Amino acid sequence: MKYFAGIDIGSTAIKISIVDENKNLIGSKISASGSMFYKYAQETLDALTNELELNNNNIAYIVATGYGRKLYKEADENISEITANAIGARAAASEFGEIKTIINIGGQDSKAISLDSEGNVVNFAMNDRCAAGTGKFLDVVALKLEMDVNMLGEYHFRSQGTPLSVSSTCAVFAESEIIGLLGNDHSIEDIVCGVHYSIAKRIVKLVKRVGIKEGVYFDGGPALNAGLVNAIENELGQRIFVPKNPQITTSFGAAIMGVDSYNYENN
Amino acid sequence: MSNINHNIESPKEKQNRHKAMEAIKLLNTLREDFKAPIKSMEYFYDLFERVHCKHESLHDGKTKIGTMCIQIPSEIIYALDGVPVRLCNGFYTDDEIGSDLMPQKACPLIKATVGHFASGNFTDKPDIVFSPTTCDQKTKAGTTIESFGYKLIDIDFPRTKESEASREYWRRSVKQFAVELSKFQGKKLNRTDLRNAIKKIGYAQSLYHKLSDFRKKEIVPILGLDVFLVTNAFFFDKIDNWIEATEKLISELEIRAKEKITVTGKASPRIVYTGSPPIFPNYKIPQIIEESDGIIVADETCSSNRMFNDMVAVDEWNIYDMMDSISDKYLKACTCPIFTKNEDRIRRVVQLVKEYKAEGVIYQAFAGCTVYEMEQRSVLEAMEKEGIPILYLESDYSPSQGGQLSTRVEAFIESLKTRRRKKK
Ligand code: SF4
Ligand code: SF4
C-alpha cells in the first residue's frame, strides 16, 4: 500500500494529513508552526509516520500547501491553500452533501471560497489585512476575559441579554472596547456572544462577496467554537457544515491531490 | 446538514437581534460613557431597552395610528382615542432592508422606515398609517408601504407656506384627516376631547421648554444626546408616562442646576444642531459632537425641537377654531426644508444661537435627503453673514464612516475653542 501526505504550513500551526491510495484519511497531526517551519514540519511528519507505523519510504508523494509551503523543499508538489481547501472540504463532507461555499477562518486570515458543481474554485475572497475576524482575534478576546479559547462557545450559549457588539474593525481597539465593557460590569456571556456576532457579520460580508449558496462548509481552528458556528449560522440564516476535525481540511485536500498527481505521473 | 444542533434564528428573530444590538450599544454609551449621569434618565434608557431589546408592546388594546411625519396632528389622534406612533426610523438594520426596495441614493430615514414596514416587525403595529405629502421620498414611499398590505392614507400637504391659498388647502386636509380617522375609529370628534388633547400636548410642550431652559444656562446639566432621547421617546411612549418622567427629570435638573453639576468639560463649545433628524438609535453625529467635548445646547430638527417648539394657539374653544389653530401650528410654524421659501428656518437657527449662547452650528444632512442638502447653501450663507461658525456634514446610517466624521467635528470644535480664547 502506498501513502500520501499533505502538509499545510500555516501561520500558527502545521497540519499534516496522510491518506491511502483510496484517499481515505489514515491519520493527522497538528503542531505549532513557530519560527522554524521546515524543522517542525519534518518533525511532525516523522512523528505521524511513526504513530501510524509507516516508514518514510511508504510515503509515495508529498504535497505542501499553506503560507509556508515554499519553505518545505522535500515536497513533490506545491499547491495553493485555496485549491487544497476546496478538495479537502468536498471530500470531508461527501457523506453530507455537496459543498458550494467554504468559510475558512485561520490564525491570521479568513477566506470565503465559492465552488461550482464540479468542485472547481470559481471565486474567492480573503481578509488578511487585519486580525479582526480571525482566530487571532478570538485568542485576544479570550485572553482579556481570562479564559481558555475553548470556553468561548459555552459562554456564548449562556448569554441571556442582548449581545454586546464590538464595533471596532481593529483588534487592538476592539480589545480596549472589551476592557471598557468589562469595566462597566457587563455580563461576560453577553460580551462573548457579541464578539461572535461581530466576527460572524464580518465573515458573512466576506461570503457575500463570492455569493452565498447552499452547502456551506466551515473549517479552520475557530470552527471548533460552537458559539461562533451558531453566530455564523444565524447571520447567514442557514445551516453550515463543520467537519469533525476542522483544522485539517486543507492538509487533507493536499494529500488527496497527492494521490491524483502520483497516479497521473505514474500512468 | 449541520452536525451541530442549535436552532437557527428566523429572519424576524435575526432582525430583532440586530436592532437590539444597535439599541443596547447606544444605550450603554449613554449610561456609561459620560460624566455625571442623570438618575431620572434611566426611565428613558429603560423605555428604549424594553421596546427594542425586550420587544415589549406599550399600547396593547389601543388603536395605533401610524404617522410618517410630524405634520400629522397628534391632538386629533388623542381626541379620537387613538395613540399616535411616529414611524420615522433610525435603525441601520431597517435601512439595509429598505435598501433593497428603494433607489440606492434614497434617504436613509425613508429606507429605514420602508424597511421597517417591509419586515412587518413591530412591537406596536400601526392599525392605520397617515402619510403627509411632504418631501418627495416620503410622499412616494406611501405606495410602497401600501403594497405590503398596510392601510395608508395620504394627507395632502402644501409646499408653500406663505400664501393664503395653501393655508386654506392645509386646513381642508386637516379636516379631511379628522374625518378619515373618525370614520376609522367610529367616533365623532367632540369639543371636550379635542380641547383636552390640545391641553395635554400643550403641557408636554411646556415641559420641553422648561427642559430647554436649563440648557440656556452657563452650566449645562444635561447632554444634548439625552434630550434627543427624551424627545424621541415622545414618538411612541404613553403620553402620561412621558409627562411624569419628564417632570421628574426637570426636578432633578433643578437640583443639579443649584448644585452646579455639569455634564460638560471646562471649555466645551456650545453647539446648535440642525438638519436631518437624529432618530434613535442613529445618534451618530450628536454622539461624535459630545464625545469630542462639544455640548449640544439646542437643536432645530423635526425629531426634537420642531415637535415641541410651537403651541396650538386657540382663541375660541369651539371645534372649528380649534381645528384651524391646529392646522396653522403645523403649517405656519413648521421650519421643514420641504417648503419653497424657508426664511423661518434661518431665523429660528439664529435665534437659537442667541438664546442659547451657542458658539457654532453643526448642520448635517443625510446623504440622499435633497431638501436638507439644498438648503445647506442658504443656511451657510446666512450664518456667515451673522458671523456664526458653521460646519456642514453629510452622513448616513452605516456604523462605519465614523473616523472621518469625528476628525472633521473635532477640528471644528477645536476651532471654536481657539475662537473663544482669542475673544478673551
Ligand atoms: S424632515 Fe420634514 S418631511 Fe421629513 S419627517 Fe421631518 S418634518 Fe417631515
Ligand atoms: S431627512 Fe429629508 S428625505 Fe428624509 S424624510 Fe426628512 S426631508 Fe425627507
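Small disclaimer: the values here were computed from a predicted structure and weren't measured.

## Notes on the overall build of chain A
Of regular secondary structure, chain A possesses 8 helices and 10 strands. The C-alpha radius of gyration of chain A comes to 19 Å, within 12% of the 18 Å expected for a compact globule of 267 residues. Seen through its C-alpha atoms, chain A measures out along the principal axes to roughly 65 × 40 × 30 Å. A burial count over chain A gives 55% of its 267 residues as buried. Within chain A, residue pairs in contact and separated by at least 24 positions form 64% of the contacts whose partners lie at least 6 positions apart. For chain A, the exposed area adds up to about 11,500 Å²; of that, 48% sits on carbon and sulfur atoms.

## Thoughts on the pattern of salt bridges
On inspection of all chains with the given rule, the structure shows 45 salt bridges over all chains. E177 of chain A is paired through a salt bridge with K25 of chain B; the nearest N and O atoms lie 3.1 Å apart. You can see E177 of chain A sitting in helix α5 (residues 171–183) and its partner K25 of chain B sitting in helix α1 (residues 11–32), one on each of two chains. In this structure K25 of chain B comes out as partly exposed when scored by relative accessible area, which is 28%. Note that R17 of chain B and E9 of chain B form a salt bridge whose closest N and O atoms lie 2.6 Å from each other. Residue R17 of chain B is classed as buried on the basis of its relative accessible area, which comes to 8%. In this structure E9 of chain B comes out as buried when scored by relative accessible area, which is 16%. Overlapping salt bridges, with partners in common, bring together E164, R167, R171, K175, D324 and D328 of chain B in one network.

## Remarks on the site of ligand 1
Near ligand 1 you find C69, I70, T134, K138, C302, R306, C336 and Y372 of chain B, and these make up its full shell. Across the shell around ligand 1, the residue classes tally to 5 nonpolar, 1 polar and 2 charged.

## Looking at the domain arrangement of chain A
Residue and element names in this part refer to chain A. If you check the domain split of chain A, you get domain 1 (1–93 + 247–267) and domain 2 (95–242). When each unit is reduced to the centre of its C-alpha atoms, the spacing between domain 1 and domain 2 is 26 Å. Counting residues at the interface gives 14 residues for domain 1, matched by 27 residues for domain 2. Note on domain 1 versus domain 2: buried area summed over both sides is about 1,500 Å², and carbon and sulfur give 59% of it. Among the residues domain 1 hides against domain 2, the three largest losses belong to I82, R90 and A93. Together they make up 41% of the total. Run the count over domain 1 and domain 2 and you get 0 salt bridges. Joining domain 1 to domain 2, the criterion identifies 6 residue pairs in polar contact (both at pLDDT 80 or more).

## Re the interface of chain B and chain A
Counting from both sides, the interface comprises 19 residues of chain B and, opposite them, 30 residues of chain A. Carbon and sulfur atoms make up 55% of the surface buried where chain B meets chain A, a total of about 2,200 Å² over both sides. For the interface between chain B and chain A, the tally reads 2 salt bridges. We note a salt bridge from R17 of chain B to E235 of chain A, for which the minimum N-O separation is 2.8 Å. Grouping the constituent residues of the side of chain B that touches chain A by class yields 7 nonpolar, 7 polar and 5 charged.

## Some details on the site of ligand 2
All residues in the neighbourhood of ligand 2 are listed as C107, I110, C135, K138, F366, C369, V371 and Y372 of chain B. Residues belonging to the shell around ligand 2 are distributed by class as follows: 7 nonpolar, no polar and 1 charged.

## Points about unusual backbone geometry
Where the residue is not glycine, phi is negative for most of them; where a peptide bond is considered, it is trans in most cases. Each neighbour pair has its own omega, and for F280 of chain B with P281 of chain B the value is -5°, a cis peptide bond. For P281 of chain B, the position within the fold is in the loop between β5 (270–275) and α11 (284–291). If you check the backbone angles, E53 of chain A has positive phi at about 55° while not being a glycine. A relative accessible area of 73% means that E53 of chain A is categorised as exposed.

## Overview of helix α7 (residues 226–236) of chain A
All names here are of chain A. Burial of α7 is extensive: 10 of the 11 residues sit out of reach of the surface. What α7 keeps buried is the set G227, L228, V229, N230, A231, I232, E233, N234, E235 and L236. N-cap assignment for α7: the residue whose side-chain oxygen lies 2.9 Å from the backbone N of G227 is N225. G237 occupies a position one or two residues after α7 and carries a positive phi of about 70°.

Definitions and cut-offs
- Every chain is numbered on its own, with residues counted from 1 as its sequence reads.
- Labels are handed out in written order, letters beginning with A for the chains and numbers beginning with 1 for the ligands.
- Local features in a predicted model are, by the rule used here, given only for residues with pLDDT of at least 70; side-chain atom pairs are given and counted only at 80 or more, and totals for whole chains, interfaces and linings are based on all residues.
- For side-chain calculations, the full set of non-hydrogen atoms in the structure is used, while hydrogens and water are omitted.
- Helix and strand definitions here come from DSSP, where helices need a minimum of 4 consecutive H or I residues and strands a minimum of 2 consecutive E residues; each element is numbered from the N-terminal end.
- With the radius of gyration taken over C-alpha atoms, the globule rule is written as 2.2 Å times the number of residues to the power 0.38.
- For every residue, the accessible area obtained with a 1.4 Å probe (protein chains only) is divided by the maximum for its type, and the residue is called buried under 20%, exposed over 50%, and partly exposed between those limits.
- In this description, contact between two residues means that some pair of their heavy atoms is separated by no more than 4.5 Å.
- All accessibility values rest on the Shrake-Rupley procedure with a 1.4 Å probe; residue burial counts only the protein chains present in the view.
- Think of a salt bridge as a Lys or Arg side-chain nitrogen and an Asp or Glu carboxyl oxygen that are within 4 Å of each other.
- We call a residue near a molecule or strand when any one of its heavy atoms sits within 4 Å of it.
- Amino acids outside the nonpolar list (Ala, Val, Leu, Ile, Met, Phe, Trp, Tyr, Cys, Pro) and the charged list (Asp, Glu, Lys, Arg) are all regarded as polar, and Gly is one of them.
- These domain boundaries are the output of an automatic or database domain assignment.
- Note on terms: buried area is the combined drop in 1.4 Å-probe accessible area of two parts once they are placed together, counting the loss on both.
- Any pair of nitrogen or oxygen atoms within 3.5 Å is treated as a polar contact; in protein, a donor-acceptor pairing is required on top of that, and neighbouring residues in sequence qualify only through side-chain atoms on both sides.

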